[in-house]
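Listed below, chain by chain, are the residues.
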Amino acid sequence: MPRTSLPAVALPSVGTALRVVESLLLSGGQRTARRNAWTAVQEDRRRARDRVEAQHVLEAVSGRTPEAASDRASRAT
């Protein structure tokens, strides 16, 4: 009995599968709101990383270390 080969079918990625399920379950407005919220979360995280990096640069330029700054703050209270 001859075997017939089946064509290779690429499986969707997890992200693609989640977007399909999301589109079936949520209306357009909810989907947009969720994506906007996630974009805002990512932007907040980026700004937080930038703040930490800027703080490290300022401390390096001023010759202070984070430990020395926290020691001074604890002695001031």
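Calculation notes
Residues numbered from 1 in each chain as written. Predicted model: local features only at pLDDT ≥ 70, side-chain atom pairs only at ≥ 80, totals over all residues. Heavy atoms only, no water. Helix = DSSP H or I, 4+ residues; strand = E, 2+ residues; numbered from the N terminus. Buried < 20%, exposed > 50% of the residue type's maximum accessible area, 1.4 Å probe, protein only. Areas by Shrake-Rupley, 256 points an atom, 1.4 Å probe, with all protein chains shown as cover. Axes fitted to C-alpha atoms, helices over the stretch in contact; angles between N-to-C directions. Parallel < 35°, antiparallel > 145°, perpendicular 65-115°, else oblique. Contact = heavy atoms within 4.5 Å. Nonpolar A, V, L, I, M, F, W, Y, C, P; charged D, E, K, R; others polar. Salt bridge = Lys/Arg side-chain N within 4 Å of Asp/Glu carboxyl O. Expected span 1.5 Å × (residues − 1). Patch = residues over 30% accessible without salt bridge, like charges linked within 9 Å, V, L, I, M, F, W, Y side chains within 5 Å.

### Quick word on the overall build of the protein chain
Of regular secondary structure, the protein chain possesses three helices and zero strands. Ordering the α and β elements of the protein chain from the N terminus gives α-α-α. By the burial criterion, 5% of the 77 residues in the protein chain qualify as buried. For the protein chain, the exposed surface amounts to about 7000 Å²; the carbon and sulfur share of it is 61%.

### Regarding the packing of helix H1 (residues 14-25) against helix H2 (residues 28-62)
For the pair H1 and H2, the least separation of the axes is 8 Å and the interaxial angle reads 135 degrees. The angle between H1 and H2 places the two elements in the oblique class. Two secondary-structure elements touch here, H1 through Arg19, Glu22 and Ser23 and H2 through Arg31, Arg34 and Arg35. Residues that form the contact of H1 with H2 fall into these classes: no nonpolar, one polar and five charged.

### Regarding the pattern of salt bridges
With the rule as written, the count across this model stands at four salt bridges. Each of Glu43, Asp44, Arg46, Arg47 and Asp50 takes part in salt bridges that share partners, so that together they form one network.

### Notes on H2
Here H2 contains 35 residues, and its C-alpha end-to-end distance of 51 Å stays within 8% of the 51 Å for a straight helix at 1.5 Å per residue. The first or second residue beyond H2 is glycine 63, which carries a positive phi of 80 degrees.

### Things to note about a nonpolar patch on the surface
Together, Val20, Val21, Leu24 and Leu25 make up a nonpolar patch on the protein surface, roughly 430 Å² of accessible area in all. Its location among the elements puts leucine 24 in helix H1. Since its relative accessible area comes to 70%, leucine 24 is described here as exposed.

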